[in-house]
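Coordinate analysis (summary)
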Amino acid sequence: NGSLPINFGEIAELVGSQLDAPPYPDNQLVLQLVWRAVGQSEIPLKFFVHLRSSDSDSQAPAAQDDQFIQEGRTDTSAWAIGSLFRDAYSIPLEGVSPGEYALYVGIYDPVTGERLLVNDSASDSVLIGTVTIQ
């Protein structure tokens with residue numbers, strides 16, 4: 001679990017996160033993230049939250065929410081450097097088996113699928129918390 005802030009490719013820093021506690025209304029897990037713009041990208045990048053089983057070696061998410069920041073009201077190619085942006089992610093839990101899950105966050109180019117690296121490492125996503133689905 002990385003300590004904040006977490007830098008993604010010198011474009012964005014994750015500076016805060018808050019996960020809603022159960023029970024989950026509308027069978028959705030809601031995660032609030034706060035991003036600081038530290039650079040601009042050539043094209044708008046997408047942000048993702050993946051819910052991955054802690055019991056499996058698979059990197060495939062059990063559920064996810066991929067979106068442009070603030071539902072496209074701003075984007076990483078034009079956002080104001082130094083500004084903070086709060087963003088909400090809703091991960092649908094329908095069809096997700098009960099168990100322990102890990103929440104991973106990352107940013108990627110929607111055209112190529114290439115992900116930004118985290119804190120100048122080889123990692124392209126960061127664990128920001130765990131959750132138990134009943």
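Placed above this text is the structure.
To start, this report covers the structure provided alongside it. (Residues numbered from 1 in each chain as written. Predicted model: local features only at pLDDT ≥ 70, side-chain atom pairs only at ≥ 80, totals over all residues. Heavy atoms only, no water.)

Quick notes on the sheet that holds strand β8 (residues 126–133)
Worth spelling out the cut-off: If DSSP finds at least two bridges between two strands, the strands pair. Per the convention used, a helix needs a DSSP run of H or I reaching at least four residues, while a strand needs a run of E reaching at least two, with both numbered from the N terminus. Structural elements are reduced to axes, namely lines fitted to C-alpha atoms, with helices fitted over the stretch in contact, and the angle between N-to-C directions of any two is expressed from 0 to 180 degrees.
Across the sheet, four strands lie side by side as β5-β4-β7-β8; this open sheet has antiparallel pairing. Two strands close off the open sheet at either side, each with one partner strand: β5 (63–68) and β8. Ignoring which end each strand starts from, the neighbouring axes of this sheet average 20° apart. Two strands pair when backbone bridges link them, and strand β4 (residues 46–53) and strand β7 (residues 99–108) are joined in this way by eight bridges, in the antiparallel orientation. If you follow F47 over to β7, its bridge partner there is I107.

Describing the nonpolar core
If you look at soluble globular proteins, the nonpolar side chains tend to sit buried side by side. Stated precisely, the cut-off is as follows: Only buried Ala, Val, Leu, Ile, Met, Phe, Trp, Tyr and Cys residues count toward a nonpolar core, and they belong to the same one when joined by side-chain atoms within 4.5 Å. Throughout, exposure labels follow a simple rule: accessible area from a 1.4 Å probe, protein chains only, divided by the maximum for the residue type, with under 20% read as buried, over 50% as exposed, and the rest as partly exposed. Should any heavy atoms of two residues lie within 4.5 Å, those residues are considered in contact.
Formed by 33 residues in total, the largest nonpolar core has its most connected members in F8, L33, W35, L51 and V105. Elements that contribute at least two residues to this core include exactly β1 (6–8), β2 (12–19), β3 (28–37), β4, β6 (84–92), β7 and β8. The dominant element in this core, judged by the number of residues it contributes, is β3, at five residues. Dropping the residues within four chain positions of it, F8 is found in contact with L14, W35, V105, G106, I107, L116, L117, V118 and V126.

Quick word on the sheet that holds β3
Either a parallel or an antiparallel arrangement is found when strands of a sheet pair, and the pairing is made through backbone hydrogen bonds. Ordered in space as β1-β2-β3-β6, the four strands form an open sheet in which the pairing is antiparallel. Either end of the sheet is taken by a strand with one partner, and the two such strands are β1 and β6. Looking at each pair of strands side by side, their axes are set apart by 35° on average, direction ignored. Pairing between β2 and β3: seven bridges, direction antiparallel. Paired with G16 across the bridge in β3 is V34.

Structural notes on the environment of P22
Mapped onto the fold, P22 is located in the loop between β2 and β3. A residue is classified by how much of its surface remains accessible, and P22, at 55% relative accessible area, is exposed.

Side note on the pattern of salt bridges
Put simply, the rule is: By definition here, a salt bridge exists when the distance from a side-chain nitrogen of Lys or Arg to a carboxyl oxygen of Asp or Glu is within 4 Å.
Scanning the model with the defined rule gives three salt bridges in all. Across the salt bridge formed by R36 and E13, the nearest N and O atoms sit 2.6 Å from each other. Note that R36 is positioned in strand β3 and E13 in strand β2, a separation of 23 residues in sequence. The partner of E71 in a salt bridge is R73, with the nearest N and O atoms 3.5 Å apart. E71 gets classed as exposed once you look at its relative accessible area, which sits at 66%.

Overview of the environment of A12
The residue A12 is located in strand β2 in this model. As a C-alpha pair, A12 and A37 span 25 residues in sequence and 4.9 Å in three-dimensional space. Ignoring anything within four residues of it in the chain, the contact list for A12 reads I6, N7, W35, R36, V38, F47, W79 and I107.

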